[in-house]
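Residue-level structure breakdown
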Amino acid sequence: MAPATQPKPRPRALTEALLRRWPLPQPGDDADKETRGHVLVVAGSYEMPGAALLAAVAALRAGAGKLTVAAPERVAQGLALAIPEARVMGLAETRAGGFAARDCDRLGPLSERVSAVVLGPGMLDEARSMAFVREMLPLFRQSTVVLDAFAMSVVRDAMPFDQPVVMTPHAGEMAHLTGATKEAVLAQPLEAARAGAQRWGACVALKGSVTHIAQPDGTSLRFGGGSPGLATSGSGDTLAGLIGGLAARGAEPLHACAWGVWLHARAGAALAQDQGTLGYLARELSAQVPALIHALGPRTPRATRPTRAPR
């Protein structure tokens, strides 16, 4: 008789109350940009340079102190002008516009200084870019790595990660990564997220109208606070950047992922209230984030007026 399997715990609801128990690391009054965290965004292509822009700005809006962007040579100068706060590196491209593995070593000197990496938004040439991703991951073994878009395809090598990784697939991407149908993923999203997290050794956020976040040990979170307006071009790039920026600040992968999902949704809700349910842009989400973080941050006692000394 086969031994009974232990039932997996039910997912916890991702709420403001839960996030208050997972406060974001706060810099001290004497903090400089290095101590606030350095994030590296490796993203973009000649067809989708905006993906790198969206992810990079989101990382800064999440509170990271320093930003480096690595992008294909053809778009690097434009990104440098669009993001004056960033150091921008132009990397060699494959013929189809992906990242060439031969240039990966140029990022190596950053590994001792970078706290988090966002890898994949806007990436082209899936097959050849995977060689770049495989070369890059060992260089940043001490950093939290957020994999998005084509960069997630590295898991098809079937080797679990031995470093902190967050993945952000939607149902179609999860189907591509696992060989399942999109319909099967949508039918059982929690099970799909848990199976992926366990198989790949990563924190997996399976995005949708309800987002499921799963850890390799089977623990999970459920967030149903999304809105239709978030289903727009560039929204996922922004989410990846938010998670990377939060991880750069020092949040552990699960906490960075949970905060990122919540902030992304609440930013959408704020824009929907101001502009309408549909039609706001992904580029507008990040500007909402600092105030949302502040509102959910540590409560400080209200200042009181000094009392007058008796005459």
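Quick note: structure is the one above.
Presented here is an overview of the structure given in this document. Since this is a predicted model, take the numbers as computed values, not measurements.

Looking at the element boundaries, Ser 111 is found in the loop between strand S4 (87–91) and strand S5 (116–119). It is 9.9 Å that separates the C-alpha atoms of Ser 111 and Met 136, two residues lying 25 residues apart in sequence. In this structure, Ser 111 is in contact with Leu 139, Phe 140 and Ser 143, ignoring residues within four places of it in sequence. Polar contacts involving the side chain of Ser 111 include one to the main-chain carbonyl oxygen of Gly 108, which spans 2.8 Å.

This part takes up the state of the cysteines. Note: disulfide means a covalent bond formed between the sulfur atoms of two cysteine side chains. This model, assessed by the stated rule, comprises zero disulfides. There is no disulfide at Cys 203, and the cysteine sulfur nearest it, in Cys 257, is 4.2 Å away. Classification of Cys 257 as buried rests on a relative accessible area of 0%.

A few words on the pattern of salt bridges. The final tally for this structure, using the stated rule, is four salt bridges. A salt bridge links Asp 103 to Arg 106; the nearest nitrogen and oxygen atoms lie 3.5 Å apart. What makes Asp 103 buried here is its relative accessible area of 13%. Note on Arg 106: relative accessible area 40%, which makes it partly exposed.

It is worth spelling out the packing of helix H8 (residues 235–248) against helix H9 (residues 253–275) at this point. Relative orientation of the contacting elements H8 and H9 amounts to 135°, with a least axis distance of 8 Å. When the axis of H8 is compared with that of H9, the two are oblique. In terms of crossing hand, the pair formed by H8 and H9 is right-handed. Note on element contacts: H9 touches H8 through Ala 256, Cys 257, Trp 259, Gly 260, Val 261, Leu 263 and His 264, opposite Ser 235, Thr 238, Leu 239, Leu 242, Ile 243, Leu 246 and Ala 247. Within the contact of H8 with H9, the residues separate by chemical class into ten nonpolar, four polar and no charged.

One finds Val 39, Val 41, Val 69 and Ile 213 to be the most contacted residues of the largest nonpolar core, which totals 60 residues. Residues in contact with Val 69, not counting those within four places in the same chain, are Val 41, Ala 56, Leu 79, Ile 83, Ala 86, Arg 87, Val 88 and Met 89. Counting 41 residues, the second largest nonpolar core, distinct from the first, contains Val 133, Phe 140, Met 167 and Val 185.

Note on placement: Thr 211 falls in strand S9 (residues 211–214). The class of Thr 211 is buried, set by a relative accessible area of 9%. When near neighbours in sequence (up to four residues on either side) are disregarded, Thr 211 contacts Leu 206, Leu 221, Arg 222, Phe 223 and Val 261.

Taken across its five residues, strand S2 (residues 38–42) has five buried, putting it largely inside the fold. In this sheet, strand S3 (residues 66–72) lies alongside S2 in parallel orientation, the contact comprising five bridges. Each bridged residue has a counterpart across the sheet, and for His 38 the counterpart in S3 is Lys 66. In this region the chain leaves S2, passes through helix H2 (residues 49–61) and returns to the parallel neighbour S3; the handedness of that crossover is right-handed. Relative to S5, S2 runs parallel, the two sharing four bridges.

Let us now look at the packing of helix H5 (residues 171–178) against helix H7 (residues 189–200). Contact geometry of H5 with H7 gives a least axis separation of 12 Å together with a crossing angle of 45°. The pairing of H5 with H7 is recorded here as oblique in orientation. Crossing geometry of H5 relative to H7 is assigned as left-handed. Contact residues: H5 offers Met 174, Leu 177 and Thr 178, while H7 offers Ala 192, Ala 193 and Trp 200. For the contact of H5 with H7, the residue count by class is five nonpolar, one polar and no charged.

In this section: the sheet that holds S3. Spatially, ten strands are ordered S1-S10-S9-S8-S7-S6-S5-S2-S3-S4 in an open sheet, and the strand pairing comes out mixed. Strand pairing shows two members of the sheet lacking a second neighbour, strand S1 (12–13) and S4, which therefore form its edges. Pairing analysis gives four bridges linking S5 to strand S6 (residues 144–147), with the strands arranged parallel. Across the sheet, the residue bridging to Val 118 is Val 146, located in S6. Those strands touched by helix H3 (residues 73–82) are S3 and S4, and its axis lies near 145° from that of S3.

About the cut-offs
- Every chain's residues receive numbers from 1 upward, in the order its sequence appears when written.
- Under the rules for a predicted model, residues below a pLDDT of 70 receive no local features and side-chain atom pairs below 80 are neither given nor counted, while totals for whole chains, interfaces and linings still include all residues.
- Excluding hydrogens and water, the side-chain values take into account all heavy atoms of the structure.
- In DSSP terms, a helix is any run of H or I states spanning at least four residues, a strand is any run of E spanning at least two, and both are numbered starting from the N terminus.
- Contacts are assigned to residue pairs with any non-hydrogen atoms lying within 4.5 Å of each other.
- Two N or O atoms form a polar contact when they lie within 3.5 Å of each other; inside protein one atom must be a possible hydrogen donor and the other a possible acceptor, and for residues adjacent in sequence the pair counts only when both atoms belong to side chains.
- Cysteine sulfurs are considered disulfide-paired once they come within 2.5 Å of each other.
- Think of it in three bands: residues with accessible area under 20% of the maximum for their type are buried, residues over 50% are exposed, and the middle band is partly exposed, with areas taken using a 1.4 Å probe on protein chains only.
- Definition used for salt bridges: Asp or Glu carboxyl oxygen within 4 Å of a side-chain nitrogen of Lys or Arg.
- Interaxial angles span 0 to 180 degrees and are taken between N-to-C directions of axes, which are lines fitted to C-alpha atoms, for helices over the stretch in contact.
- For classification purposes, an angle smaller than 35 degrees is called roughly parallel, one larger than 145 roughly antiparallel, one from 65 to 115 roughly perpendicular, and anything else oblique.
- Here a crossing is taken to be left-handed if its near helix is turned anticlockwise relative to the far helix by less than a right angle, and right-handed if that turn runs clockwise.
- Residue polarity follows a fixed list, in which Ala, Val, Leu, Ile, Met, Phe, Trp, Tyr, Cys and Pro are nonpolar, Asp, Glu, Lys and Arg are charged, and the others, Gly among them, are polar.
- The definition of a nonpolar core used throughout is a set of buried Ala, Val, Leu, Ile, Met, Phe, Trp, Tyr and Cys residues joined through side-chain atoms within 4.5 Å.
- DSSP bridges decide pairing: two strands pair if at least two such bridges lie between them.
- Look down the strands so they point away from you; if going from the first strand over the helix to the second traces a clockwise path, that crossover is right-handed.

Note that all results are geometric; they support no functional claim without further evidence.
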